[in-house]
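Observations on the model geometry
The primary structure of each chain is shown beneath.
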There are 2 protein chains.
Amino acid sequence: MTGLHLYPVVGLPVVEPGDDVAELLASALRGQGLQLRQGDVLVVAHKVVSRAEGRLVALEDVEPSPAARSLAAESGKDPRLCELILRESQAIVRVRPGLVIARHRLGFVCANAGIDRSNAGGEGETVLLLPEDPDGSARRLRYDLYRKTGVAPAVIIADSHGRPFREGAVGVCIGVAGMGPVLSEVGRQDLFGYTLRSTLEAVADELASAATLVMGQADEGIPAVVARGFFEARRAIQIAGEGEATAARLVRPAERDLFL
Amino acid sequence: MTGLHLYPVVGLPVVEPGDDVAELLASALRGQGLQLRQGDVLVVAHKVVSRAEGRLVALEDVEPSPAARSLAAESGKDPRLCELILRESQAIVRVRPGLVIARHRLGFVCANAGIDRSNAGGEGETVLLLPEDPDGSARRLRYDLYRKTGVAPAVIIADSHGRPFREGAVGVCIGVAGMGPVLSEVGRQDLFGYTLRSTLEAVADELASAATLVMGQADEGIPAVVARGFFEARRAIQIAGEGEATAARLVRPAERDLFL
(Lines give C-alpha, C1' and ligand atoms only; values in the text may rest on other atoms or scores of the structure.)
Protein backbone atom coordinates (compact mmCIF):
# COMPACT_ATOMS: atom_id res chain seq x y z
CA MET A 1 0.00 0.00 0.00
CA THR A 2 1.14 3.53 -0.68
CA GLY A 3 2.70 5.57 2.13
CA LEU A 4 5.88 5.39 4.13
CA HIS A 5 6.90 2.15 5.79
CA LEU A 6 9.62 1.70 8.38
CA TYR A 7 10.93 -1.80 9.00
CA PRO A 8 13.24 -2.58 11.92
CA VAL A 9 16.44 -4.45 11.11
CA VAL A 10 16.71 -7.08 13.82
CA GLY A 11 19.21 -9.66 14.91
CA LEU A 12 22.41 -7.65 14.65
CA PRO A 13 25.07 -8.62 17.18
CA VAL A 14 26.72 -5.95 19.34
CA VAL A 15 29.06 -4.27 16.88
CA GLU A 16 32.74 -4.28 17.79
CA PRO A 17 35.64 -2.18 16.48
CA GLY A 18 36.70 -3.42 13.06
CA ASP A 19 33.38 -5.11 12.24
CA ASP A 20 32.05 -4.83 8.71
CA VAL A 21 28.74 -3.03 9.25
CA ALA A 22 27.53 -3.59 5.69
CA GLU A 23 28.10 -7.31 6.05
CA LEU A 24 26.31 -7.41 9.41
CA LEU A 25 23.37 -5.44 8.01
CA ALA A 26 23.15 -7.49 4.80
CA SER A 27 23.21 -10.68 6.83
CA ALA A 28 20.57 -9.41 9.28
CA LEU A 29 18.34 -8.34 6.39
CA ARG A 30 18.72 -11.78 4.78
CA GLY A 31 17.95 -13.42 8.12
CA GLN A 32 14.63 -11.65 8.41
CA GLY A 33 13.71 -11.99 4.74
CA LEU A 34 13.81 -8.25 4.12
CA GLN A 35 15.27 -7.36 0.72
CA LEU A 36 16.52 -3.86 0.00
CA ARG A 37 14.82 -2.15 -2.94
CA GLN A 38 15.82 0.75 -5.12
CA GLY A 39 14.47 3.88 -3.40
CA ASP A 40 14.84 2.56 0.14
CA VAL A 41 16.46 4.76 2.76
CA LEU A 42 18.50 2.87 5.34
CA VAL A 43 18.69 4.75 8.63
CA VAL A 44 21.49 3.53 10.90
CA ALA A 45 22.08 4.54 14.51
CA HIS A 46 25.45 6.27 14.74
CA LYS A 47 26.51 4.02 17.61
CA VAL A 48 26.79 1.08 15.21
CA VAL A 49 29.01 2.99 12.81
CA SER A 50 30.99 4.68 15.57
CA ARG A 51 31.68 1.40 17.35
CA ALA A 52 32.73 -0.32 14.12
CA GLU A 53 35.08 2.58 13.42
CA GLY A 54 36.66 2.19 16.84
CA ARG A 55 35.51 5.56 18.19
CA LEU A 56 35.48 4.20 21.74
CA VAL A 57 37.67 6.02 24.26
CA ALA A 58 38.51 4.79 27.75
CA LEU A 59 38.33 7.79 30.06
CA GLU A 60 41.30 6.53 32.06
CA ASP A 61 43.48 7.20 28.99
CA VAL A 62 42.45 10.86 28.77
CA GLU A 63 44.53 13.61 30.36
CA PRO A 64 42.39 16.71 30.95
CA SER A 65 43.84 20.07 29.96
CA PRO A 66 43.40 23.18 32.13
CA ALA A 67 40.53 24.28 29.84
CA ALA A 68 38.84 20.92 30.37
CA ARG A 69 39.23 21.23 34.14
CA SER A 70 37.65 24.65 33.99
CA LEU A 71 34.73 23.35 31.90
CA ALA A 72 34.37 20.47 34.35
CA ALA A 73 34.22 22.86 37.30
CA GLU A 74 31.53 24.92 35.59
CA SER A 75 29.44 21.98 34.40
CA GLY A 76 30.05 19.40 37.10
CA LYS A 77 31.01 16.87 34.44
CA ASP A 78 34.01 14.54 34.44
CA PRO A 79 37.15 16.54 33.43
CA ARG A 80 38.21 13.71 31.09
CA LEU A 81 34.85 13.83 29.32
CA CYS A 82 35.20 17.62 29.11
CA GLU A 83 38.61 17.16 27.49
CA LEU A 84 37.03 14.98 24.79
CA ILE A 85 34.17 17.45 24.33
CA LEU A 86 36.69 20.23 23.73
CA ARG A 87 38.66 18.10 21.27
CA GLU A 88 35.48 17.26 19.35
CA SER A 89 34.14 20.84 19.27
CA GLN A 90 34.55 24.09 17.39
CA ALA A 91 33.01 26.01 20.27
CA ILE A 92 31.21 25.64 23.57
CA VAL A 93 27.77 27.19 23.13
CA ARG A 94 26.17 27.00 26.58
CA VAL A 95 27.19 25.57 29.95
CA ARG A 96 25.21 25.08 33.10
CA PRO A 97 25.46 22.49 35.91
CA GLY A 98 24.92 19.09 34.34
CA LEU A 99 24.86 20.38 30.75
CA VAL A 100 27.43 21.27 28.10
CA ILE A 101 26.12 22.27 24.69
CA ALA A 102 28.81 22.40 22.05
CA ARG A 103 29.15 23.09 18.36
CA HIS A 104 30.72 19.85 17.13
CA ARG A 105 33.62 20.21 14.71
CA LEU A 106 31.17 19.19 11.94
CA GLY A 107 28.81 22.01 12.90
CA PHE A 108 26.03 20.22 14.77
CA VAL A 109 25.03 21.93 18.00
CA CYS A 110 24.27 19.30 20.61
CA ALA A 111 24.93 18.15 24.16
CA ASN A 112 28.45 16.90 24.93
CA ALA A 113 29.55 17.31 21.28
CA GLY A 114 27.64 14.11 20.54
CA ILE A 115 29.76 12.02 22.92
CA ASP A 116 27.73 9.15 24.31
CA ARG A 117 28.31 7.56 27.66
CA SER A 118 25.66 4.92 27.05
CA ASN A 119 26.09 2.37 24.27
CA ALA A 120 29.81 2.31 24.88
CA GLY A 121 30.07 -0.47 27.45
CA GLY A 122 32.55 -0.14 30.32
CA GLU A 123 29.98 1.04 32.88
CA GLY A 124 30.27 4.67 31.90
CA GLU A 125 34.09 4.66 32.00
CA THR A 126 34.23 4.25 28.23
CA VAL A 127 32.61 6.76 25.91
CA LEU A 128 31.69 6.77 22.25
CA LEU A 129 32.58 9.63 19.90
CA LEU A 130 30.69 10.39 16.68
CA PRO A 131 32.23 8.97 13.50
CA GLU A 132 35.23 10.92 12.21
CA ASP A 133 33.38 11.71 8.95
CA PRO A 134 29.73 10.59 9.06
CA ASP A 135 29.03 11.52 5.41
CA GLY A 136 32.01 9.40 4.38
CA SER A 137 30.79 6.56 6.59
CA ALA A 138 27.35 6.79 4.93
CA ARG A 139 28.90 6.76 1.44
CA ARG A 140 31.02 3.72 2.24
CA LEU A 141 28.08 1.88 3.75
CA ARG A 142 25.96 2.66 0.69
CA TYR A 143 28.67 1.42 -1.63
CA ASP A 144 29.39 -1.71 0.39
CA LEU A 145 25.68 -2.55 0.56
CA TYR A 146 25.48 -2.13 -3.19
CA ARG A 147 28.31 -4.59 -3.67
CA LYS A 148 26.71 -7.11 -1.32
CA THR A 149 23.04 -6.77 -2.27
CA GLY A 150 22.94 -5.19 -5.73
CA VAL A 151 20.92 -2.27 -4.33
CA ALA A 152 22.33 1.10 -3.25
CA PRO A 153 19.91 2.53 -0.67
CA ALA A 154 20.16 6.12 0.44
CA VAL A 155 21.89 6.00 3.83
CA ILE A 156 21.27 8.24 6.83
CA ILE A 157 23.38 8.06 9.98
CA ALA A 158 21.17 9.13 12.86
CA ASP A 159 21.77 10.53 16.31
CA SER A 160 19.35 11.84 18.91
CA HIS A 161 19.57 15.54 19.79
CA GLY A 162 17.90 17.77 22.32
CA ARG A 163 16.59 21.09 21.06
CA PRO A 164 16.19 24.65 22.22
CA PHE A 165 12.63 25.57 23.16
CA ARG A 166 11.22 22.05 23.04
CA GLU A 167 11.40 19.20 25.54
CA GLY A 168 12.66 15.79 24.56
CA ALA A 169 15.21 14.60 22.05
CA VAL A 170 14.43 13.65 18.46
CA GLY A 171 16.31 11.70 15.83
CA VAL A 172 18.41 13.80 13.45
CA CYS A 173 20.67 13.10 10.50
CA ILE A 174 24.42 13.53 11.06
CA GLY A 175 25.62 11.82 7.89
CA VAL A 176 23.97 11.09 4.56
CA ALA A 177 24.63 9.50 1.19
CA GLY A 178 22.51 9.02 -1.90
CA MET A 179 19.93 11.71 -1.26
CA GLY A 180 19.70 15.42 -0.63
CA PRO A 181 18.95 15.96 3.07
CA VAL A 182 16.91 19.13 2.46
CA LEU A 183 13.97 19.32 0.08
CA SER A 184 13.04 22.68 -1.36
CA GLU A 185 9.46 23.49 -2.19
CA VAL A 186 10.20 27.15 -2.83
CA GLY A 187 8.34 28.20 -5.95
CA ARG A 188 5.72 25.47 -5.68
CA GLN A 189 2.14 26.48 -5.01
CA ASP A 190 -0.25 25.65 -2.23
CA LEU A 191 -3.79 24.40 -2.81
CA PHE A 192 -4.95 27.93 -3.58
CA GLY A 193 -2.17 28.83 -5.96
CA TYR A 194 -0.20 30.85 -3.39
CA THR A 195 3.46 30.45 -4.25
CA LEU A 196 5.54 29.17 -1.35
CA ARG A 197 8.45 31.45 -0.60
CA SER A 198 10.34 29.88 2.20
CA THR A 199 9.71 26.19 2.45
CA LEU A 200 12.82 24.13 2.96
CA GLU A 201 12.07 20.81 4.57
CA ALA A 202 14.74 18.87 6.44
CA VAL A 203 13.61 15.50 5.11
CA ALA A 204 16.72 13.64 6.30
CA ASP A 205 16.05 14.81 9.86
CA GLU A 206 12.41 13.78 9.53
CA LEU A 207 13.48 10.35 8.26
CA ALA A 208 15.88 10.04 11.19
CA SER A 209 13.05 10.98 13.59
CA ALA A 210 10.70 8.49 11.99
CA ALA A 211 13.30 5.74 12.27
CA THR A 212 14.09 6.65 15.88
CA LEU A 213 10.45 5.92 16.76
CA VAL A 214 11.13 2.35 15.69
CA MET A 215 14.65 2.07 17.09
CA GLY A 216 13.97 3.38 20.56
CA GLN A 217 16.82 4.60 22.72
CA ALA A 218 17.49 1.79 25.10
CA ASP A 219 17.80 -1.94 25.35
CA GLU A 220 15.79 -3.07 22.34
CA GLY A 221 18.96 -2.73 20.32
CA ILE A 222 17.32 -2.02 16.96
CA PRO A 223 20.25 -0.29 15.29
CA ALA A 224 18.86 0.23 11.79
CA VAL A 225 15.57 0.79 10.01
CA VAL A 226 14.62 0.45 6.35
CA ALA A 227 12.35 3.34 5.27
CA ARG A 228 10.40 2.52 2.13
CA GLY A 229 8.19 4.80 0.06
CA PHE A 230 9.66 8.24 0.74
CA PHE A 231 10.75 9.07 -2.78
CA GLU A 232 7.44 7.91 -4.22
CA ALA A 233 5.42 9.76 -1.58
CA ARG A 234 7.13 13.06 -2.26
CA ARG A 235 8.02 12.62 -5.92
CA ALA A 236 11.45 13.53 -4.65
CA ILE A 237 14.56 12.81 -6.63
CA GLN A 238 17.16 10.48 -5.27
CA ILE A 239 20.43 12.20 -5.99
CA ALA A 240 22.81 9.87 -7.76
CA GLY A 241 25.81 12.14 -7.37
CA GLU A 242 27.28 13.06 -4.04
CA GLY A 243 27.46 16.85 -4.41
CA GLU A 244 24.44 17.74 -2.31
CA ALA A 245 24.54 14.63 -0.17
CA THR A 246 26.15 15.98 2.95
CA ALA A 247 24.70 16.51 6.40
CA ALA A 248 26.46 19.89 6.35
CA ARG A 249 23.40 21.08 4.39
CA LEU A 250 21.42 20.63 7.62
CA VAL A 251 23.71 22.88 9.62
CA ARG A 252 22.82 26.55 9.69
CA PRO A 253 26.02 28.57 9.31
CA ALA A 254 26.89 30.25 12.63
CA GLU A 255 26.75 33.73 11.06
CA ARG A 256 23.13 33.15 10.04
CA ASP A 257 22.03 31.70 13.36
CA LEU A 258 20.12 34.00 15.68
CA PHE A 259 20.53 31.81 18.73
CA LEU A 260 24.25 31.21 18.96
CA MET B 1 4.67 -6.76 8.97
CA THR B 2 6.12 -5.27 12.12
CA GLY B 3 7.38 -1.68 12.07
CA LEU B 4 5.80 1.72 11.66
CA HIS B 5 3.50 2.39 8.73
CA LEU B 6 2.24 5.77 7.59
CA TYR B 7 -0.76 5.86 5.29
CA PRO B 8 -1.86 9.06 3.58
CA VAL B 9 -5.51 10.03 3.94
CA VAL B 10 -6.54 11.11 0.46
CA GLY B 11 -9.57 12.63 -1.16
CA LEU B 12 -10.45 15.27 1.40
CA PRO B 13 -12.05 18.39 -0.06
CA VAL B 14 -10.68 21.82 0.80
CA VAL B 15 -11.91 22.33 4.34
CA GLU B 16 -14.08 25.39 4.93
CA PRO B 17 -15.03 27.15 8.17
CA GLY B 18 -17.71 25.19 10.00
CA ASP B 19 -16.89 21.88 8.33
CA ASP B 20 -16.98 18.73 10.44
CA VAL B 21 -13.37 17.49 10.18
CA ALA B 22 -14.12 14.14 11.81
CA GLU B 23 -16.88 13.49 9.28
CA LEU B 24 -14.64 14.49 6.37
CA LEU B 25 -11.82 12.27 7.65
CA ALA B 26 -14.11 9.30 8.38
CA SER B 27 -15.61 9.61 4.92
CA ALA B 28 -12.19 9.89 3.24
CA LEU B 29 -10.95 6.85 5.16
CA ARG B 30 -14.04 4.86 4.08
CA GLY B 31 -13.50 6.02 0.50
CA GLN B 32 -10.00 4.59 0.38
CA GLY B 33 -10.83 1.43 2.31
CA LEU B 34 -8.60 2.34 5.25
CA GLN B 35 -10.11 1.38 8.60
CA LEU B 36 -8.84 2.91 11.82
CA ARG B 37 -7.54 0.41 14.36
CA GLN B 38 -6.98 0.61 18.08
CA GLY B 39 -3.44 1.94 18.56
CA ASP B 40 -3.39 4.08 15.42
CA VAL B 41 -2.14 7.65 15.65
CA LEU B 42 -3.92 10.08 13.34
CA VAL B 43 -1.70 13.02 12.44
CA VAL B 44 -3.63 15.97 11.04
CA ALA B 45 -2.16 19.11 9.46
CA HIS B 46 -3.18 22.09 11.57
CA LYS B 47 -4.44 23.94 8.49
CA VAL B 48 -7.38 21.52 8.25
CA VAL B 49 -8.38 22.07 11.86
CA SER B 50 -7.67 25.80 11.79
CA ARG B 51 -9.73 26.33 8.64
CA ALA B 52 -12.66 24.31 10.01
CA GLU B 53 -12.51 26.39 13.19
CA GLY B 54 -12.69 29.58 11.15
CA ARG B 55 -9.23 30.85 12.11
CA LEU B 56 -8.94 32.73 8.80
CA VAL B 57 -8.36 36.47 9.04
CA ALA B 58 -8.58 38.92 6.15
CA LEU B 59 -5.69 41.35 6.52
CA GLU B 60 -7.88 44.24 5.35
CA ASP B 61 -9.87 43.87 8.56
CA VAL B 62 -6.83 44.28 10.80
CA GLU B 63 -5.85 47.67 12.24
CA PRO B 64 -2.16 47.68 13.18
CA SER B 65 -1.21 49.15 16.56
CA PRO B 66 1.88 51.33 17.01
CA ALA B 67 3.76 48.28 18.33
CA ALA B 68 2.82 46.37 15.19
CA ARG B 69 4.01 49.22 12.98
CA SER B 70 7.30 49.23 14.83
CA LEU B 71 7.70 45.46 14.41
CA ALA B 72 6.82 45.87 10.73
CA ALA B 73 9.49 48.52 10.29
CA GLU B 74 12.09 46.30 11.92
CA SER B 75 11.14 43.11 10.08
CA GLY B 76 9.90 44.43 6.74
CA LYS B 77 6.69 42.45 7.19
CA ASP B 78 3.13 43.66 6.62
CA PRO B 79 2.04 45.76 9.66
CA ARG B 80 -1.33 43.97 9.72
CA LEU B 81 0.42 40.58 9.87
CA CYS B 82 2.64 41.98 12.64
CA GLU B 83 -0.49 43.03 14.55
CA LEU B 84 -1.79 39.45 14.41
CA ILE B 85 1.64 38.06 15.41
CA LEU B 86 1.61 40.30 18.49
CA ARG B 87 -1.95 39.26 19.39
CA GLU B 88 -1.02 35.57 19.07
CA SER B 89 2.23 35.85 21.06
CA GLN B 90 3.51 35.98 24.61
CA ALA B 91 6.78 37.51 23.44
CA ILE B 92 8.82 38.37 20.39
CA VAL B 93 12.00 36.30 20.57
CA ARG B 94 14.08 37.46 17.59
CA VAL B 95 13.56 39.89 14.71
CA ARG B 96 15.60 40.47 11.61
CA PRO B 97 14.64 41.62 8.10
CA GLY B 98 12.20 39.07 6.72
CA LEU B 99 11.92 37.11 9.96
CA VAL B 100 9.92 37.37 13.19
CA ILE B 101 10.33 34.57 15.72
CA ALA B 102 7.74 34.66 18.46
CA ARG B 103 6.76 32.69 21.50
CA HIS B 104 3.16 31.81 20.69
CA ARG B 105 0.65 32.27 23.53
CA LEU B 106 0.69 28.45 23.89
CA GLY B 107 4.47 28.48 24.36
CA PHE B 108 5.75 27.24 20.98
CA VAL B 109 8.64 29.29 19.63
CA CYS B 110 8.23 29.62 15.88
CA ALA B 111 8.20 32.02 12.93
CA ASN B 112 5.27 34.46 12.77
CA ALA B 113 3.62 32.91 15.85
CA GLY B 114 2.50 30.07 13.60
CA ILE B 115 0.49 32.34 11.30
CA ASP B 116 0.38 30.92 7.81
CA ARG B 117 0.04 32.99 4.67
CA SER B 118 -0.16 29.93 2.47
CA ASN B 119 -3.08 27.50 2.78
CA ALA B 120 -5.41 30.38 3.56
CA GLY B 121 -6.59 31.31 0.07
CA GLY B 122 -7.05 34.98 -0.80
CA GLU B 123 -3.70 35.34 -2.60
CA GLY B 124 -1.79 36.12 0.56
CA GLU B 125 -4.32 38.73 1.77
CA THR B 126 -5.94 36.19 4.07
CA VAL B 127 -3.95 34.44 6.75
CA LEU B 128 -4.54 31.40 8.91
CA LEU B 129 -3.98 31.39 12.68
CA LEU B 130 -3.28 28.29 14.73
CA PRO B 131 -6.31 26.71 16.43
CA GLU B 132 -7.43 28.51 19.57
CA ASP B 133 -6.77 25.39 21.67
CA PRO B 134 -5.03 22.65 19.66
CA ASP B 135 -5.14 20.09 22.51
CA GLY B 136 -8.89 20.68 22.77
CA SER B 137 -9.24 20.34 18.99
CA ALA B 138 -7.34 17.05 19.14
CA ARG B 139 -9.52 15.76 21.97
CA ARG B 140 -12.74 16.67 20.12
CA LEU B 141 -11.49 15.06 16.92
CA ARG B 142 -10.55 11.90 18.79
CA TYR B 143 -13.96 11.75 20.44
CA ASP B 144 -15.87 12.50 17.23
CA LEU B 145 -13.89 9.86 15.33
CA TYR B 146 -14.72 7.38 18.08
CA ARG B 147 -18.41 8.11 17.69
CA LYS B 148 -18.25 7.74 13.92
CA THR B 149 -15.87 4.79 13.57
CA GLY B 150 -15.89 2.96 16.91
CA VAL B 151 -12.14 3.53 17.23
CA ALA B 152 -10.48 6.33 19.20
CA PRO B 153 -7.07 6.92 17.63
CA ALA B 154 -4.47 9.04 19.34
CA VAL B 155 -4.58 12.40 17.55
CA ILE B 156 -1.68 14.74 16.82
CA ILE B 157 -2.17 18.17 15.28
CA ALA B 158 0.97 18.97 13.30
CA ASP B 159 2.64 22.12 12.11
CA SER B 160 5.99 22.68 10.43
CA HIS B 161 8.60 24.67 12.39
CA GLY B 162 12.03 26.00 11.60
CA ARG B 163 14.71 25.42 14.22
CA PRO B 164 17.74 27.13 15.68
CA PHE B 165 21.06 25.68 14.48
CA ARG B 166 19.59 23.47 11.76
CA GLU B 167 18.40 24.26 8.25
CA GLY B 168 14.95 23.30 7.06
CA ALA B 169 11.62 22.94 8.79
CA VAL B 170 10.33 19.72 10.32
CA GLY B 171 6.90 18.57 11.41
CA VAL B 172 6.12 19.11 15.11
CA CYS B 173 3.17 18.42 17.38
CA ILE B 174 1.14 21.44 18.51
CA GLY B 175 -1.85 19.55 19.90
CA VAL B 176 -2.33 16.00 21.11
CA ALA B 177 -4.94 13.66 22.55
CA GLY B 178 -4.88 10.04 23.61
CA MET B 179 -1.15 9.66 24.11
CA GLY B 180 1.69 11.19 26.07
CA PRO B 181 3.78 13.32 23.69
CA VAL B 182 7.05 12.64 25.53
CA LEU B 183 8.34 9.16 26.29
CA SER B 184 10.74 8.73 29.19
CA GLU B 185 13.41 6.07 29.10
CA VAL B 186 15.15 7.39 32.20
CA GLY B 187 16.08 4.44 34.39
CA ARG B 188 16.09 1.94 31.54
CA GLN B 189 19.35 0.33 30.57
CA ASP B 190 21.31 0.30 27.35
CA LEU B 191 22.65 -2.88 25.76
CA PHE B 192 25.53 -2.94 28.22
CA GLY B 193 23.50 -2.37 31.35
CA TYR B 194 24.37 1.34 31.61
CA THR B 195 21.37 3.07 33.13
CA LEU B 196 20.08 5.95 31.00
CA ARG B 197 19.93 9.15 32.98
CA SER B 198 18.52 11.73 30.65
CA THR B 199 16.57 10.21 27.83
CA LEU B 200 13.29 11.93 27.16
CA GLU B 201 12.09 11.37 23.62
CA ALA B 202 9.64 13.73 21.97
CA VAL B 203 7.72 10.96 20.25
CA ALA B 204 4.79 13.19 19.24
CA ASP B 205 7.19 15.49 17.40
CA GLU B 206 8.82 12.49 15.75
CA LEU B 207 5.41 11.20 14.68
CA ALA B 208 4.55 14.65 13.29
CA SER B 209 7.86 14.66 11.38
CA ALA B 210 7.24 11.18 10.01
CA ALA B 211 3.76 12.17 8.86
CA THR B 212 5.04 15.40 7.30
CA LEU B 213 7.27 13.31 5.03
CA VAL B 214 4.08 11.83 3.59
CA MET B 215 1.99 15.02 3.63
CA GLY B 216 4.47 17.32 1.95
CA GLN B 217 4.06 21.05 2.27
CA ALA B 218 2.53 22.12 -0.99
CA ASP B 219 -0.08 21.22 -3.54
CA GLU B 220 -0.49 17.51 -2.93
CA GLY B 221 -3.05 18.38 -0.32
CA ILE B 222 -2.56 15.32 1.88
CA PRO B 223 -3.90 16.75 5.14
CA ALA B 224 -3.79 13.68 7.37
CA VAL B 225 -1.81 10.51 7.86
CA VAL B 226 -2.61 7.34 9.79
CA ALA B 227 0.48 6.07 11.67
CA ARG B 228 0.21 2.43 12.60
CA GLY B 229 2.53 0.35 14.76
CA PHE B 230 4.06 2.95 17.09
CA PHE B 231 2.72 1.63 20.36
CA GLU B 232 3.67 -1.93 19.45
CA ALA B 233 7.14 -0.90 18.24
CA ARG B 234 7.96 0.90 21.46
CA ARG B 235 5.86 -1.08 23.91
CA ALA B 236 4.58 2.37 24.82
CA ILE B 237 1.40 2.89 26.70
CA GLN B 238 -1.45 4.73 25.08
CA ILE B 239 -2.74 7.02 27.78
CA ALA B 240 -6.45 6.64 28.20
CA GLY B 241 -6.85 9.68 30.43
CA GLU B 242 -6.10 13.16 29.29
CA GLY B 243 -3.80 14.34 32.08
CA GLU B 244 -0.49 14.03 30.29
CA ALA B 245 -1.93 14.45 26.81
CA THR B 246 -1.05 18.06 26.16
CA ALA B 247 1.41 19.55 23.71
CA ALA B 248 2.47 21.84 26.57
CA ARG B 249 4.66 18.90 27.66
CA LEU B 250 6.74 19.57 24.54
CA VAL B 251 7.36 23.19 25.45
CA ARG B 252 10.43 23.88 27.55
CA PRO B 253 9.54 26.44 30.20
CA ALA B 254 11.17 29.78 29.38
CA GLU B 255 13.06 29.85 32.68
CA ARG B 256 14.75 26.55 31.80
CA ASP B 257 15.62 27.52 28.24
CA LEU B 258 19.20 28.57 27.58
CA PHE B 259 18.46 30.12 24.20
CA LEU B 260 15.64 32.58 24.88
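For clarity, every value in this text was computed on a predicted model and none was experimentally measured.

1. Describing the packing of helix α3 (residues 66-75) of chain B against helix α4 (residues 79-88) of chain B
All names here are of chain B. It is at 8 Å that the axes of α3 and α4 come closest, and there the two elements cross at 115°. With respect to the hand of their crossing, α3 and α4 are arranged in right-handed fashion. Counting all contacts with α3, which are made through Ala 67, Ala 68, Arg 69, Leu 71, Ala 72 and Ser 75, the residues of α4 involved are Pro 79, Cys 82, Glu 83 and Leu 86.

2. Considerations on the side chain of Arg228(B)
All names here are of chain B. Its location among the elements puts Arg 228 in strand β12 (residues 224-228). By relative accessible area, Arg 228 is classed as buried at 11%. For Arg 228, the side chain forms a polar contact with the main-chain oxygen of Gln 35, separated by 2.8 Å.

3. A word on the pattern of salt bridges
Oppositely charged side chains can form a pair if their charged atoms are brought close together. With the rule as written, the count across this model stands at 39 salt bridges over all chains. Between Glu88(A) and Arg105(A) there is a salt bridge, with the nearest N and O atoms lying 3.5 Å from each other. Of this pair, Glu88(A) sits in helix α4 (residues 79-88) while Arg105(A) sits in the loop between β5 (99-104) and β6 (109-111), and the two are 17 residues apart along the sequence. Relative accessible area serves as the criterion here: at 7%, Glu88(A) is assigned to the buried category. When the shortest N-O distance is used, the salt bridge between Arg228(B) and Asp40(B) registers 2.8 Å. Remark: Asp40(B) occurs in the loop between α1 (21-31) and β2 (41-45) and Arg228(B) occurs in strand β12; sequence separation between them is 188 residues. The pair formed by Arg228(B) and Asp40(B) is uniform in burial state, with each residue classed as buried.

4. A few points about α1(B)
All names here are of chain B. Every buried residue of α1 is accounted for by Val 21, Ala 22, Leu 24, Leu 25, Ala 26, Ala 28 and Leu 29. Buried residues along α1 sit in contact with β1 (4-9), β2, α2 (46-52), α5 (134-149) and β12. Within two residues after α1, Gly 33 carries a phi angle of roughly 70°, on the positive side.

5. Observations concerning the domain arrangement of chain A
All names here are of chain A. Domain boundaries assigned for chain A yield domain 1 (1-54 + 130-253) and domain 2 (56-129). Every contact between the two is made by 16 residues of domain 1 and, on the other side, 18 residues of domain 2. In total, about 1,300 Å² of surface goes out of reach between domain 1 and domain 2, with carbon and sulfur atoms giving 56% of it. Three residues, Arg 51, Leu 130 and Val 251, lead the burial of domain 1 against domain 2; their summed loss comes to 41% of the area buried on that side. Taken together, the links from domain 1 to domain 2 amount to zero salt bridges. Counting across the interface, domain 1 meets domain 2 through four residue pairs in polar contact (both at pLDDT 80 or more). If you tally residues by element for the side of domain 1 that touches domain 2, the top one is helix α2 (residues 46-52), at four residues. Of the residues in the side of domain 1 that touches domain 2, the class split is seven nonpolar, four polar and five charged.

6. Observations regarding the sheet that holds strand β4 (residues 89-96) of chain A
Residues and elements named next belong to chain A. Judged by pairing direction, the sheet is antiparallel, and its three strands sit side by side in the order β4-β5-β6 without closing on themselves. Edge strands, defined here as strands with exactly one partner in the open sheet, are β4 and β6. For this sheet, the mean inter-axis angle between neighbouring strands, taken without regard to orientation, is 25°. This element, helix α3 (residues 66-75), spans β4 and β5 of the sheet and lies at about 30° to β4. Against the sheet, α4 makes contact with β4 and β5, and its axis sits at roughly 135° relative to β4, the strand it touches most.

7. Quick look at α4(B)
All of the buried residues in α4(B) are Leu81(B), Cys82(B), Glu83(B), Leu84(B), Ile85(B) and Glu88(B). In this structure, the buried side of α4(B) is in contact with β3 (56-58), α3, β4 (89-96), β5 (99-104) and β7 (126-128) of chain B.

8. Details of the environment of Arg51(A)
All names here are of chain A. Turning to its location among the elements, Arg 51 is positioned in helix α2. We classify Arg 51 as buried; its relative accessible area is 5%. Between the alpha carbons of Arg 51 and Leu 129 there is a distance of 8.7 Å; along the sequence they are 78 residues apart. A polar side-chain atom of Arg 51 sits 3.2 Å from a polar atom in the side chain of Glu 16.

9. Examining the pairing of β12(B)
Residue and element names in this part refer to chain B. For β12, a buried count of five out of five residues is recorded, marking the element as mostly surrounded by other parts of the structure. Burial along β12 is two-sided: Ala 224, Val 226 and Arg 228 and Val 225 and Ala 227, pointing in opposite directions, are all buried. Note: β1 against β12, five bridges, orientation antiparallel. Residue Val 9 lies in a different strand from β12, and its bridge partner there is Ala 224. By the bridge criterion, four bridges tie β2 to β12 in an arrangement that is antiparallel. By the bridge assignment for β12, Val 41 is matched with Ala 227.

Definitions and cut-offs
Residues numbered from 1 in each chain as written. Chains lettered and ligands numbered in written order. Predicted model: local features only at pLDDT ≥ 70, side-chain atom pairs only at ≥ 80, totals over all residues. Heavy atoms only, no water. Axes fitted to C-alpha atoms, helices over the stretch in contact; angles between N-to-C directions. Helix = DSSP H or I, 4+ residues; strand = E, 2+ residues; numbered from the N terminus. Left-handed = near helix turned anticlockwise from the far one by under 90°. Contact = heavy atoms within 4.5 Å. Buried < 20%, exposed > 50% of the residue type's maximum accessible area, 1.4 Å probe, protein only. Polar contact = N/O pair within 3.5 Å; in protein donor to acceptor, adjacent residues only side chain to side chain. Salt bridge = Lys/Arg side-chain N within 4 Å of Asp/Glu carboxyl O. Domains from an automatic or database assignment. Buried area = accessible area lost by both parts, 1.4 Å probe. Nonpolar A, V, L, I, M, F, W, Y, C, P; charged D, E, K, R; others polar. Pairing = 2+ DSSP bridges.

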